[in-house]
Each structure stands twice: as C-alpha cells, then as structure tokens.
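In case you want the letters, here they are:
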Amino acid sequence: MTSDDAATILVVEDDPATRTFLADNLTADGYELLVADSAAAGLKLLETKFPDLALVDLGLPDASGFDVLRRVREADGVASRVDPATPLVLLTGRDGELDRIRGFERGADDYICKPFSYPELRGRVAALLRRARQRRTGAGRLRVGDLEIEVAGRTARLRGVPLALSQKEFALLRILASDPVRVFTKDELLRQVWGFRHVGTTRTLDSHACRLRRKLGLHGDRYVVNVWGVGYRLLDGVAA
C-alpha cells in the first residue's frame, strides 16, 4: 500500500448501486471510505472528517453537485471546518461540453462521466492525491517560537505537547499566528472567526482570547497579547 492508498475518500452518490460499487472497489484498493447519499450528508462529513478527496455526483436529491462544489470552494478554512482546497471530482451522466466547462469554472478538479471505467477513475484519483500531497508538503504548518500549528489537521502543540482547543479557539489562534507581530483589530477577528457582519458590543472575542491565553501560558509563556483599545496579537517578539 502506498501513501496515496492510505488516503480517505468521500463518495457522495445517491444511487445505491454506484455508491456500493465505488466504496467496495476503492476500499479493496486500500483507501479509507466515507459515503453519503445527499449533499447535506456529504457536507457534514467534509466538515467533520476532513477527507483527502471527494467524489460528488452532480444529480443529488437535495441539491446539485455544483452546490456542494460552491460550498467547498467558498469556505474560508478558518471559521468554517471545510477545507476549501479539498480535491473534488464531479460524477455525472451528462457528457456535454457545457456541463464540463461549468464544473471546471466553478473549481472542480476533474469531471468523470457515467458509465465510467473504474481503472481510469482510480488512476485519476491517485493523480489528484499525489498533486494535493505535493502542494501540502511543507505547507499548512505555522511555527511561532515553541508553538506549532498544523492547519490541515487543526491541531496545535506547545513544546510538543498537544493543546486542547475548541473550534473557535483554534480559528482565533490560526489567524493570530499567520502574522504574529501584527495587531488584529477586534472587528477583523470577529468578522473572520465568527462571521459577524455588524459587530456591535460583544464579549465573545475577549472571553475566547482569555481562555486561549490561559491554555498557552500554563508554563509561563506569553502569548495572545491584548493591545488595549485596538485588538490582539500573538506575541511581542519576532516569530521563529
């Protein structure tokens, strides 16, 4: 089994026969499989299981595969738990040029028409996974002093010890770590992490920042600096 074979693939397909066929064959080839029979179920798995690649049928009962594609590509990768860079292949019985063009214009990585050759599909999947791994090599990781953040895995470690962070705490930490000596205003953080359009008066940011500061400061480290009247930054020094 290669490193590509160890990947997790999500199949979003409402036809039971096609779904079972793909799941059985991909599992036999060594992939980990997630399956869904609707757009809503597929998006839920994208948000919670972080597959390495998704195969999405264009004609789903509750939405179009184009809608799934749009939701994935529009995700911010911070407050949303969907990775917008997830490789996505559309499966469809439509073989018209216009449909293929629409798919690629909206961000599809590949487009496979039914009925399809399984060996060809397997080859395309393997090629996409290899390219995705090459793009991720050395990327998706932030380091600030003794603090390491794995963006794709949504994990953070301080001196090698894992930190137990909530979704919003991790999103806040990721933004601050992207430019650790910059002061991010409260309005910026509330919009980027919580999606607030009209900020108004709220203690949400301050309470999350306080909890994050405590978790990062258990051993005397000074992270999450409150710049009074402006916002927050991660530290006073220069990132390592």
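Here, every reference points to the structure presented above.
Residues numbered from 1 in each chain as written. Predicted model: local features only at pLDDT ≥ 70, side-chain atom pairs only at ≥ 80, totals over all residues. Heavy atoms only, no water.

## Structural notes on the overall build of the protein
- Along its length, the protein carries 8 helices and 12 strands.
- A sequence separation of at least 24 residues applies to 57% of the contacts in the protein between residues at least 6 apart. (Helix = DSSP H or I, 4+ residues; strand = E, 2+ residues; numbered from the N terminus. Contact = heavy atoms within 4.5 Å.)

## A look at the nonpolar core
- The biggest cluster of nonpolar side chains holds 27 residues, and the ones touching the most others in it are Leu-147, Leu-173, Leu-189, Leu-216, Tyr-223, Val-224 and Leu-234.
- Of all elements in the fold, only β7 (147-150), β8 (155-158), α6 (167-178), α7 (186-194) and α8 (204-216) reach the threshold of two or more residues within this core.
- Among the elements that line this core, the one with the most residues is α6, at 7 residues.
- Among all residues touching Tyr-223, those that are not within four sequence positions of it are Val-144, Gly-145, Asp-146, Leu-147, Leu-158, Arg-213, Leu-216, Leu-234 and Leu-235.
- Of all hydrophobic cores here, the second largest spans 22 residues; its members include Phe-66, Val-68, Leu-69 and Ala-108. (Core = buried A, V, L, I, M, F, W, Y, C linked by side-chain atoms within 4.5 Å. Buried < 20%, exposed > 50% of the residue type's maximum accessible area, 1.4 Å probe, protein only.)

## A word on the side chain of Thr-86
- Among the secondary structure elements, Thr-86 is positioned in the loop between α3 (65-74) and β4 (88-92).
- If near-sequence neighbours (up to four positions away) are discounted, Thr-86 is found in contact with Leu-46, Pro-51, Asp-52, Leu-53, Ala-54, Val-72, Arg-73 and Asp-109.

## Concerning the pattern of salt bridges
- Applying the stated rule across the entire model yields 14 salt bridges.
- Arg-73 is the partner of Asp-109 in a salt bridge, and the nearest nitrogen-oxygen pair spans 2.7 Å. Of the two residues, Asp-109 sits in the loop between α4 (97-105) and β5 (110-113) while Arg-73 sits in helix α3, which places them 36 residues apart along the sequence.
- Judged by its relative accessible area of 24%, Arg-73 falls in the partly exposed class.
- Notably, a salt bridge pairs Glu-169 with Lys-215, separated by 2.7 Å at the nearest N-O pair. In this pair, Glu-169 sits in helix α6 while Lys-215 sits in helix α8, placing the two residues 46 residues apart along the sequence.
- Connected through salt bridges with shared partners, the residues Glu-13, Asp-57 and Lys-114 form a single ionic network. (Salt bridge = Lys/Arg side-chain N within 4 Å of Asp/Glu carboxyl O.)

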